[in-house]
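Each chain, letter by letter, is given below.
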Amino acid sequence: MIELVEKLHENNNLTDKELKQLIETDDKNTAQILRQRADETRRKYYGNKVFLRGLIEISSFCRNDCLYCGIRCSNKSAERFRLTENKIISCAESGYKRGFRTFVLQGGEDDYYTDERMCRIITQIKEKCPDCAVTLSLGERTPESYRLMKRAGADRYLLRHEAADTELYQKLHPPKMILDKRINCLYNLKVEGYQVGAGFMVGAPFQTVDNIIADLRFLQNLNPHMVGIGPFVPHHATPFSGCAGGTVGLTVRLLGIIRLMLSEVLLPATTALGTISPDGRILGLQTGCNVVMPNISPDDSRDKYELYNNKSTEELSNIIADIERAGYEVSMERGDCIR
Ligand code: SAH
């Protein structure tokens, strides 16, 4: 099994059969070698830096109905909020004063945020926070919309593909959501010049090892600048409330594999990973992750952006302590992908 890690480290690739073996093993020595090689690789490209991104959750209104997600439109018990233009801008400004140089604006698919509004918000953040990067994570929009927001100054876009296998994608989403549309969005974003992030949930209901291999192959083909993966965590008011969540072990293994496949990728240790275990984030960082996205949303809306149960609202100081405890240095730079 250790040879498989070495082979992946050397070739940035394995056969499906080999990948399956590596994904399925919970052997401790293998985990240790994987951690070592993933860590070497991230250090080769990014040194010991962990980039911080200020995450601003702008809206919990969503027209979509993803079966796993706590803010799906069918969840009538969800408390909804949306930040005003000024609130978003002032939130970025105060983050800027604290040193943040990347802002991630994330939200449900909320029609309130027209292209015109988004462009105004992006333009003003760029004006008031010179040299910062603006990352958007607002779901599926038209190619024109992506173009206009790029022209207004947006730099990056996170849109997890969620599942590269059509059948699994359909089990996780309502019939009107189509995998091909989502994938087209990712390619449109690339064409418009965004640094793009894709990804998926680990341990989602119905997900098999073959499905995960399809996700890894999809990522290899897309070759994104960023990959976001985190464990699936059930939410109490969704159809998947009774399902098991993803594990730390498998998530961390996949993070290591992704680091070795896409050596230069920006790879966050996600909030979901930090939520399911107190040492999740540290293990992720030690296994190839080089980004953390602390929540800098206003206090009064934070609890309402409830994607899953017990979503962690960790203090920035604890996050910084974790990064240092894991053996890395906090970086507030823009932290672009080096390729
Ligand atoms: N509307 C945006 C942002 C979605 S929220 C979009 O469509 O991209 C960001 C990510 O949270 C999603 O892509 C999904 O992978 C993840 N997520 C949603 N519900 C989750 C859950 N129950 N457990 C873990 N991750 C979840």
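Since we're looking at a predicted model, the values are computed, not measured.

Around the ligand lies a shell of 18 residues, among which Tyr 68, Gly 107, Arg 160, Glu 162 and Val 233 are the nearest. One of the backbone nitrogen or oxygen atoms of Tyr 68 is found 3.0 Å away from a nitrogen atom of the ligand. A distance of 2.7 Å separates a nitrogen atom of the ligand from a polar backbone atom of Val 233. Burial of the ligand by the protein chains amounts to 91% of its free accessible area of 550 Å². Considered class by class, the residues forming the shell around the ligand number ten nonpolar, five polar and three charged.

This part takes up the sheet that holds strand E2 (residues 54–59). Across the sheet, which stays open at both edges, the six strands sit in the order E2-E3-E4-E5-E6-E7 with parallel pairing between neighbours. Here the strands that pair on one side only, and so sit at the sheet edges, are E2 and strand E7 (226–231). The sheet shows a mean angle of 20 degrees between the axes of neighbouring strands, taken without regard to direction. As paired strands, strand E3 (residues 102–107) and strand E4 (residues 133–137) are joined by five bridges and run parallel to one another. Bridged to Leu 105 within E4 is Leu 136. Packed on one face of the sheet, helix H8 (residues 179–191) meets strand E5 (156–158) and strand E6 (195–202) and runs near 155 degrees to E6.

Our next topic: the packing of aromatic side chains. Taken as a whole and judged by the stated rule, the model has seven aromatic pairs. Ring geometry for Tyr 146 and Tyr 157: centres 5.0 Å apart, planes at 70 degrees, overall edge-to-face. On the criterion of sequence distance, the pair formed by Tyr 146 in helix H6 (residues 143–152) and Tyr 157 in strand E5 is long-range, its members being eleven residues apart. Of the two residues examined, Tyr 146 and Tyr 157, each falls in the buried class. Seen in terms of ring centroids, Tyr 157 and Tyr 194 are 5.8 Å apart; in terms of plane orientation they differ by 90 degrees. Their pairing is edge-to-face. Remark: Tyr 194 occurs in the loop between H8 and E6 and Tyr 157 occurs in strand E5; sequence separation between them is 37 residues. When sorted by exposure, Tyr 157 lands in the same class as Tyr 194, which is buried.

On to the pairing of E6, then. By the criterion of burial, E6 is predominantly enclosed, with eight of the eight residues buried. The pairing of E5 with E6 spans three bridges and is parallel. Looking at the pairing, Arg 156 lines up with Gln 195 of E6. Of the strand pairs in this sheet, E6 and E7 are connected by six bridges, and their pairing is parallel. Across the sheet, the residue bridging to Ala 198 is Val 227, located in E7. In the classification by handedness, the crossover that spans E6, the intervening helix H9 (residues 209–222) and the parallel E7 is right-handed.

Time to look at the packing of H9 against helix H10 (residues 248–261). Between two packed helices, the angle of one axis relative to the other and the distance separating the axes together describe the packing. Two numbers describe how H9 lies on H10: the axes approach to 11 Å, and their chain directions differ by 30 degrees. With respect to H10, the axis of H9 lies roughly parallel. H9 and H10 meet at a crossing whose hand is right-handed. Where H9 abuts H10, its residues Ile 212, Leu 216, Arg 217, Leu 219 and Gln 220 lie against Leu 250, Leu 254, Ile 257, Ile 258 and Met 261. Of the residues contributing to the contact of H9 with H10, the split by class is eight nonpolar, one polar and one charged.

Definitions and limits used
- Residues numbered from 1 in each chain as written.
- Predicted model: local features only at pLDDT ≥ 70, side-chain atom pairs only at ≥ 80, totals over all residues.
- Heavy atoms only, no water.
- Near = heavy atom within 4 Å.
- Polar contact = N/O pair within 3.5 Å; in protein donor to acceptor, adjacent residues only side chain to side chain.
- Areas by Shrake-Rupley, 256 points an atom, 1.4 Å probe, with all protein chains shown as cover.
- Nonpolar A, V, L, I, M, F, W, Y, C, P; charged D, E, K, R; others polar.
- Pairing = 2+ DSSP bridges.
- Helix = DSSP H or I, 4+ residues; strand = E, 2+ residues; numbered from the N terminus.
- Axes fitted to C-alpha atoms, helices over the stretch in contact; angles between N-to-C directions.
- Contact = heavy atoms within 4.5 Å.
- Phe/Tyr/Trp six-rings, centres within 6.5 Å; stacked < 30°, edge-to-face > 60°.
- Buried < 20%, exposed > 50% of the residue type's maximum accessible area, 1.4 Å probe, protein only.
- Right-handed = clockwise from strand over helix to strand, strands pointing away.
- Parallel < 35°, antiparallel > 145°, perpendicular 65-115°, else oblique.
- Left-handed = near helix turned anticlockwise from the far one by under 90°.

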